[in-house]
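So the chains spell out like this:
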Amino acid sequence: MSIHGFRERGRHAFSFPLLNPAKTLRLPSSSIRSSISFGRFEMELPKGLSLGRGGASTTAKVAIVVGITVAGVLIVAEAARRRRRRSRHLDVKDFGAFVERFEIYPSPQPPPPAARHRLSDLKFAVSDNFEIEGFVAAGYGNPDWKRTHEPGSQTAVVVSWLLKNGATCVGRTVLDEFAFGLMGGVNAGHYSRASNFNFFGISDVTLSVTGENLHYGTPYNPELPSLVPGGSCSGSAVAVAAELVDFALGTDTIGGVRIPSAFCGVFGFRPSHGILSMLGILANSQTLDTIGWFARDPSILHCVGHILLQASPLGLKRTRRFILADDCFQLLRVPKQRTVDVLSKAIENLSGYQPCKHMNISQYLMTNVLSLKEFTEPTPKEGTSILKAVSSAMVLLQRCEFKLNHEEWFNTVKPRIGVRNSSQVLAAVNSTQDNTKSLYKVRAEMRSALNSLLKDDGILVIPTVADFPFKRDLRKKLTCEIEDRLHALLSIAGMSGCCQVTVPLGKYEECPISISFIAAHGADKLLLDTIVDIYPSLQEQISVASNSGPIPYINGDMDAAELLKEKGNAAYKGKQWNKAASFYSEAIKLNDTNATYYCNRAAAYLELGCFQQAEADCSQAISLDKKNVKAYLRRGTAREMLLCYKEALQDFKHASVLEPQNKTALAAEKRLSKLIG
C-alpha cells in the first residue's frame, strides 16, 4: 500500500488504495506544499512544515506521526464500512450462489392421457459457462470475458433437454475464473493483469485456498458457512445444498463437480467423457471436460442422469462387485469405520452384491499403464508415485488444451484475474509441452486399464477428497502435499474418462465426508442405478457409525505377548507381511504399552502399503518411547508416502538428531528438503 498526494479540481488530497485498487479513499487538504517518503510510503506535508538537511523539527515530526495515525484510522474505518455495506447487500437466501437470476420455463405439458414430464415442478441452475440463447453471454467467471463476447447463439444442448422434460431454469451460478479453481473463492485480495505472463513459471503454480472473490463473491457453504464450498462449480453445489434448486449443472475438468459436491455434502455425478454433448458450453480442456450435475436426493440425481443419457429406465439387474482402493484410502484423514466399513456393512444383506474386495490401484496402474514411466519421479515406494504421475499428466494436458483454446484472447484482452487464480491460468497460457502425444497415450492406456479392471459390473471405491474443507478466512495457499493428494484422487477418473459419483456419508468432526464410486467408461447407468439401490442401506450404516465409539484394547500376559512378537518377527523375515501384522496385533492386545510391538507392526504395514496404519502405529510407539529411532524413520516413510512432506521431513530430522550418523535419515532429509524446496 502506498500513500501519495494528487490534485483534483484545484485542491490537494491524499489517496489510499484499499481492498479494490480501482477505488481510493481521498482526504482533502488545502495546504499541501511538500512531501516526505518512508520507504514505499510517501506523504505530503502541510504548508510551513518542511524537512531540511539536518532533519525535521519536533513540530514537523509530531504532525507527521499524527497525520499517519489519522490516515490509518480512516483506512480501517473505511474498510469496516465497506464490509458492513457488503454484508447488508448480501442476499443470505442465495448464499452468494448466483451470478444472475432469471427464469426459463419448460416446454408445455402434453395433454392427457400422456404422462407428465419427468422433471415437472423441479428447478435447476447452471454454472456461468453454459450459454443460453437470448440472455447475456456466459461470463466464464470473469467480467472481461463477458464484456468481450456476444451472447450465445443457441442454448446448451443439455439445458434444452432438461427444459423439454419439464424442469425450470432459474439462473447462472458462480464459477471460479475460467473453471480453474478447486477450492471455490480463488480470486482473493487483488487483481493481476494477464499481461504478466512471463512472471509466472511452472514452479510458481499453486491452488488457492479461499478468500473474497472480487468479481462475484465467494458462495457460502451451507453445511458450515466458515468453510470454503469447493470449486470450480461452487455456486451450483451451494445452490443445491442450500435447497435453492432441486439440481444444478456444472462442468468437471479435473474436479469442478466432484470437489464442491464433497465439500457441500451433496451428490455429484461426473459422466463418462464424451457421452454428453458439450455444445453451448465454454471449453477449458476438451479432452478432460465433462458436464456434471449435483443433487441432494439420489432419486433426482438418477432421474436427471437418465434423461441426459437418454437411458432406458428398465434393464436387467446385474451383479455388482465393489473394489476398495486401499492405497487411496491411506491418503484419507477419516477413520475407515466411517467410510469403507460403512459401505461393506451396507451391502452385506443386499442381493446381487458381492463382498468388497481390496486392491492397490497404484500397483495395478504401474503394471498396466506403461506410458506413465515418463512422468514418474523416484520415491522410496513406487506405488504412490504412480498416482502422482497420472495427476502430472492430467495437469499438463489441461494446460496444453487451455492454451490452444484461449491464448489469443488472453494476449489480446489482457483480462483482470484474481491473484490467487492467476498462477494457474497464466501457467496454462505459458505452458510448453513438446511431446503431447505422450499425454494422450497415458489417457488411452488409463481408460483401457480401468475398463479391463471394472468391466460391466465392477465399481472402484476411493475417497473423493483426502482433506477436510478449509476455512474461508485462511489466507494461505495450498501446500504441495495437499495438492498432490487432491490431484492423485481426481486423476483416476479424470485421465481415464470413466464415470464417477460423489456419495455423501454424513459428517466427521463437523465436516462433510464422502466416498466416490468409479465405473467403466460407458457404465453410467450402472452407477446411477447402484446409488439409488444402496443408499437407504448406506444411510442406516452412516447413522450406526456416527453413534459408535472406539473399541478399547485389553491388557494381557507379557510373556505371551513376547512370544507373539517373536512369531511376528519370523513371519516378517519370511516376507509374510499380513501374517506378521496379525501376530503383532495379537501381542498389542495382550500388552498395549510396548513401543516395539507398534513399531514392528508399522514395518509390516509399510510393506503392505498401509501407510496410514503405519503412521498411527509409529505415533503410538513414539508416545511410549520418545527415543525410538526406528519409529521416527518409519513414520517419516509413511508420511512421505501419504504426501505429507513437511511432517516426514521433521521425523527424519528427529531421527538424525537421535542418531547423527544414520544414513537413511540423512538421505531422506536431503531428498525431502529438495522436494519442498
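Residues numbered from 1 in each chain as written. Predicted model: local features only at pLDDT ≥ 70, side-chain atom pairs only at ≥ 80, totals over all residues. Heavy atoms only, no water.

Asker: Describe in detail the side chain of Glu-445, supporting the description with residues and values.
Answerer: Examined against the element boundaries, Glu-445 turns out to sit in helix 12 (residues 436-454). No salt bridge is formed by the buried Glu-445. Its closest oppositely charged neighbour is Lys-441, at 4.3 Å. Reaching out from Glu-445, the side chain makes a polar contact with the side chain of Ser-371 at a distance of 2.9 Å. Contacts of Glu-445, omitting those with residues within four sequence positions, involve Asn-368, Val-369, Leu-370 and Ser-371. (Helix = DSSP H or I, 4+ residues; strand = E, 2+ residues; numbered from the N terminus. Buried < 20%, exposed > 50% of the residue type's maximum accessible area, 1.4 Å probe, protein only. Lys, Arg positive; Asp, Glu negative; His and termini not counted. Salt bridge = Lys/Arg side-chain N within 4 Å of Asp/Glu carboxyl O. Polar contact = N/O pair within 3.5 Å; in protein donor to acceptor, adjacent residues only side chain to side chain. Contact = heavy atoms within 4.5 Å.)

Asker: Talk me through the pattern of salt bridges; I want residue IDs and the actual numbers.
Answerer: Evaluation of the coordinates by the stated rule reveals 20 salt bridges. The salt bridge involving Glu-223 is made with Lys-507; its shortest N-O contact spans 3.4 Å. Of this pair, Glu-223 sits in the loop between strand 9 (191-193) and helix 4 (234-241) while Lys-507 sits in strand 17 (residues 499-508), and the two are 284 residues apart along the sequence. Residue Lys-388 pairs with Asp-484 through a salt bridge whose shortest N-O separation is 3.8 Å. Separated by 96 residues along the polypeptide, Lys-388 in helix 10 (residues 382-413) and Asp-484 in helix 13 (residues 480-496) bring together distant segments of the chain.

Asker: Give me helix 21 (residues 663-676): which residues, what numbers.
Answerer: Taking 1.5 Å of rise per residue, 14 residues should cover 20 Å, and helix 21 covers 20 Å from first to last C-alpha, within 8% of that figure. Along helix 21, the positions that sit buried rather than exposed are Ala-665, Ala-668, Glu-669 and Leu-672. Buried positions in helix 21, seen along its axis, are confined to an arc of 105 degrees and lie on one side of it. Summarising the geometry of helix 21, the exposed residues directed more than 90 degrees from the buried face are Lys-663, Lys-670 and Lys-674. N-capping of helix 21 is provided by Asn-662, with a side-chain oxygen placed 3.1 Å from the backbone N of Thr-664. (Expected span 1.5 Å × (residues − 1). Arc of directions from axis to C-beta.)

Asker: Would you mind going over the side chain of Thr-287 in detail, with residue names and values included?
Answerer: The topology assignment puts Thr-287 in the loop between strand 11 (267-270) and strand 12 (290-295). Among the polar contacts made by the side chain of Thr-287, one reaches the side chain of Glu-401 at a distance of 2.3 Å. When sequence neighbours within four positions are dropped, the list of residues in contact with Thr-287 reads His-273, Leu-397, Glu-401, Tyr-440 and Arg-443.

Asker: Account for the packing of helix 12 against helix 13, with residues named and values stated.
Answerer: Each pair of packed helices can be summarised by the angle the axes make with each other and by the distance between the axes. At their nearest, the axes of helix 12 and helix 13 sit 7 Å apart, and the two run at 95 degrees to each other. Relative to helix 13, the element helix 12 is oriented roughly perpendicular. Residue-level contacts link Leu-439, Val-442, Arg-443, Met-446, Arg-447 and Leu-450 of helix 12 to Ser-491, Ile-492, Gly-494, Met-495 and Ser-496 of helix 13. Here the contact of helix 12 with helix 13 is built from residues that sort into six nonpolar, three polar and two charged. (Axes fitted to C-alpha atoms, helices over the stretch in contact; angles between N-to-C directions. Parallel < 35°, antiparallel > 145°, perpendicular 65-115°, else oblique. Nonpolar A, V, L, I, M, F, W, Y, C, P; charged D, E, K, R; others polar.)

Asker: Hey, could you go over unusual backbone geometry for me, with residue numbers and the actual values?
Answerer: Of note, the bond from Pro-112 into Pro-113 is cis; its omega dihedral lies within 30 degrees of zero at 10 degrees. On the secondary structure map, Pro-113 appears in the loop between strand 6 (98-104) and strand 7 (123-127). The omega torsion across Gly-231 and Ser-232 is 15 degrees, close enough to zero to call that bond cis. Among the structural elements, Ser-232 can be located in the loop between strand 9 and helix 4. Positioned with a positive phi, Ala-179 is a non-glycine residue whose angle comes to about 60 degrees. Along the chain, Ala-179 turns up in the loop between strand 8 (168-173) and strand 9. A relative accessible area of 8% places Ala-179 in the buried class. The backbone phi angle of Glu-243 is positive, close to 60 degrees, even though this residue is not glycine. Position of Glu-243 among the secondary structure elements: in the loop between helix 4 and strand 10 (247-252). Since its relative accessible area comes to 61%, Glu-243 is described here as exposed.

Asker: Describe the sheet that holds strand 16 (residues 458-463), with residues and values.
Answerer: Here we have eleven strands laid out as an open sheet, ordered 6-8-7-10-12-11-17-18-16-13-14, and mixed in their pairing. Pairing within the sheet leaves two strands with one partner each, and these edge strands are strand 6 and strand 14 (357-359). Averaged over all pairs of adjacent strands, the angle between their axes in this sheet comes to 25 degrees, without regard to strand direction. Pairing between strand 7 and strand 8: four bridges, direction parallel. From the neighbouring strand, Val-126 faces strand 8, where its bridge partner is Arg-172. Its contacts with the sheet place helix 6 (residues 298-309) against strand 10, strand 11, strand 12 and strand 17, and it is angled at close to 150 degrees to strand 12. (Pairing = 2+ DSSP bridges.)

Geometric descriptors of this kind do not, in isolation, establish any biological role.
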